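So the chains spell out like this:
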Amino acid sequence: MNYIKIDLDRQLGNVHPHIFGGFTEHLGRCFYGGIYEPGSPLADEQGFRKDVLEALQRLKLSVVRYPGGNFVSGYRWMDGVGPVESRPARLELAWRSVETNRFGTNEFIEFCRKINAEPYFVVNCGDGDMREARDWVEYCNGSQNTALANLRRAHGYDAPHNVKYWSIGNEVDGGWQIGYKTPEEYARAYLEFAKVMKWVDPSIKLFASAVSTWKGEFVERIQLLLDQAHELIDYLSIHWYVGNPENDFAGYMTASELIEQRISAIEGLIRAMRLQRKIRQPIAIAVDEWNVWYRTMGATAAEQNNLEEKYNLEDALVVAMHFNAFIRHARSVKMANLAQIVNVIAPIFTCSDNLFLQTIFHPFEIYRRACGSTALDVHWTGDTFSVNEFSALRTLDVSATLDDRTRTLSVFVVNRSETEAMETVITLDGGQFAGTGCAWIVNGPDIKAENSFADPNRVCTTEAAVTTRATSVNYTFEPHSVTALSFDL
Ligand code: AHR
């Protein structure tokens, strides 16, 4: 038997809706042939694929990061504004392709408006300079009579775009990055970029690229960054990709611990540095690229360009465990961006006249739908499993939220057993269940089940009513499933 104990008074902090963010990059078929396909019978008058927009609207992405990724470290934003016919095609070195620049800043802003998401831009801190970065802020957000604000107006956008979120560079700690930077080089560059960008628009929030390669000396890197530039850092950005290359289901199910370790480590570092340096302002964590990615990682150049990973049910469980971790760390994780959102390691997969929803679409959708405004500190016990260096891991992976406005309690559970249903008693302190609850369950025939154009619903979401007593619920979680339970209180 498993026990989940919920006390409404044990609150962890506000869940920021930006943990339901996404990431788009000029890479493979993310934009061209995915989000943006002028001339397609499925496109709207501006060239956006209507079926893709509709699927994205179901995810209710609150924020979308753009334009990369590795791509941004060689990107000139000026190439992507103004009349399309005069935009230059450029050799693109990050993914070894040609970028036509038919899609750029203003198309991205239009895209965000269509899906009701906030834009989040990354500036080129690879082969780009601080002048280019500050000019982009001015082009987007400038309201005075200046050449760059007027250029935006001339391009058809009178009102400023008011882009609030800006990252300085992408994965600057990785040797694969155009313009890799040592900790010293990045701390110095960050400070100077940040200064002028904030001088152009003091209201923007800035993200420092902290860790992507966890094999490096990230502690020292972050220490130096916070030492030298803390006053100008609003978010520390970390990237995190996981996979199951060993085909070891139990081992893969420990992904929860790996993300826990990393978030806790960064939280600790921020805390220690704030104490030591007497840093007043909060510094949040943005997991601004995360996902399952291993099948198409390190493939041949041609395959790698597309990164068209096909996901299965076990990947959906892993995605759900990440949301549990973000909710459990709601106090510090204020943004998370699923990388990516269409075709390229993505929950939505298109062809010229159709799309299907990958397995990982479904946990995202149900967490987004059910997640409340406050994270709760849940206590749970029950069945365990041991694998590799981890012993006695609980088979269920759990998080919970309370919505302060609607007084709805949501409990999110991943059952990591491949074969066993998990009978569970959920008890509630500090309130009472009101009437029948609702369960959304993501599951499929087996852990390797995938969706495809031919069979789009092998893994999907089903809905069921849940009987409650005043302060307890008995519920059995299906093997290899993700469940979001929602209760009115
Ligand atoms: O999302 C794919 C790539 O993963 C991004 O371009 C890069 O930032 C990361 O390594």
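Reference entry: report on the structure contained in this document. Small disclaimer: the values here were computed from a predicted structure and weren't measured.

### Overview of a nonpolar patch on the surface
- A cluster of nonpolar side chains, contributed by L91, L93 and V98, occupies part of the molecular surface with about 340 Å² of accessible area.
- Of note, L93 is situated in the loop between strand 5 (90-92) and strand 6 (97-99).

### Brief notes about the pairing of strand 20 (residues 408-415)
- Burial within strand 20 is extensive, with 8 of its 8 residues counted as buried.
- Of the two faces of strand 20, the one holding T408, S410, F412 and V414 and the one holding L409, V411, V413 and N415 are both buried throughout.
- Relative to strand 20, strand 19 (residues 396-403) runs antiparallel, the two sharing 8 bridges. The residue of strand 20 that forms the bridge with L396 is N415.
- Examined bridge by bridge, strand 20 and strand 25 (residues 481-488) share 8 bridges and lie antiparallel to one another. Directly across from F412, in strand 25, lies its bridge partner A484.

### Some points on the sheet that holds strand 15 (residues 374-376)
- Here 7 strands make up an open sheet; going across it, the order is 2-15-19-20-25-22-23 and the pairing antiparallel. Of all strands in the sheet, those with a lone pairing partner are strand 2 (11-14) and strand 23 (460-466), marking the two edges. Across the sheet, the mean angle from the axis of one strand to that of its neighbour is 20°, orientation sign disregarded.
- Two elements, strand 22 (residues 437-443) and strand 23, share 7 bridges in a ladder whose sense is antiparallel. The partner of V442 across the bridge, within strand 23, is T461.

### Topic: the nonpolar core
- Judged by nonpolar contacts, the single largest core of 138 residues is most densely connected at F111, W166, Y190 and L236.
- Here this core takes 11 residues from helix 10 (residues 313-328), the largest share from any one element.
- If you count residues domain by domain, this core takes at least three from each of domain 1 (2-8 + 375-488) and domain 2 (16-372).
- Excluding residues within four positions of it along the chain, W166 makes contact with Y120, F121, V123, W136, V137, C140, N141, M197, I204, K205, L206 and F207.
- L8, W380, A400 and V466 belong to the second largest nonpolar core, which has 25 residues in total.

Criteria and thresholds
Residues numbered from 1 in each chain as written. Predicted model: local features only at pLDDT ≥ 70, side-chain atom pairs only at ≥ 80, totals over all residues. Heavy atoms only, no water. Patch = residues over 30% accessible without salt bridge, like charges linked within 9 Å, V, L, I, M, F, W, Y side chains within 5 Å. Areas by Shrake-Rupley, 256 points an atom, 1.4 Å probe, with all protein chains shown as cover. Salt bridge = Lys/Arg side-chain N within 4 Å of Asp/Glu carboxyl O. Helix = DSSP H or I, 4+ residues; strand = E, 2+ residues; numbered from the N terminus. Buried < 20%, exposed > 50% of the residue type's maximum accessible area, 1.4 Å probe, protein only. Pairing = 2+ DSSP bridges. Axes fitted to C-alpha atoms, helices over the stretch in contact; angles between N-to-C directions. Core = buried A, V, L, I, M, F, W, Y, C linked by side-chain atoms within 4.5 Å. Domains from an automatic or database assignment. Contact = heavy atoms within 4.5 Å.

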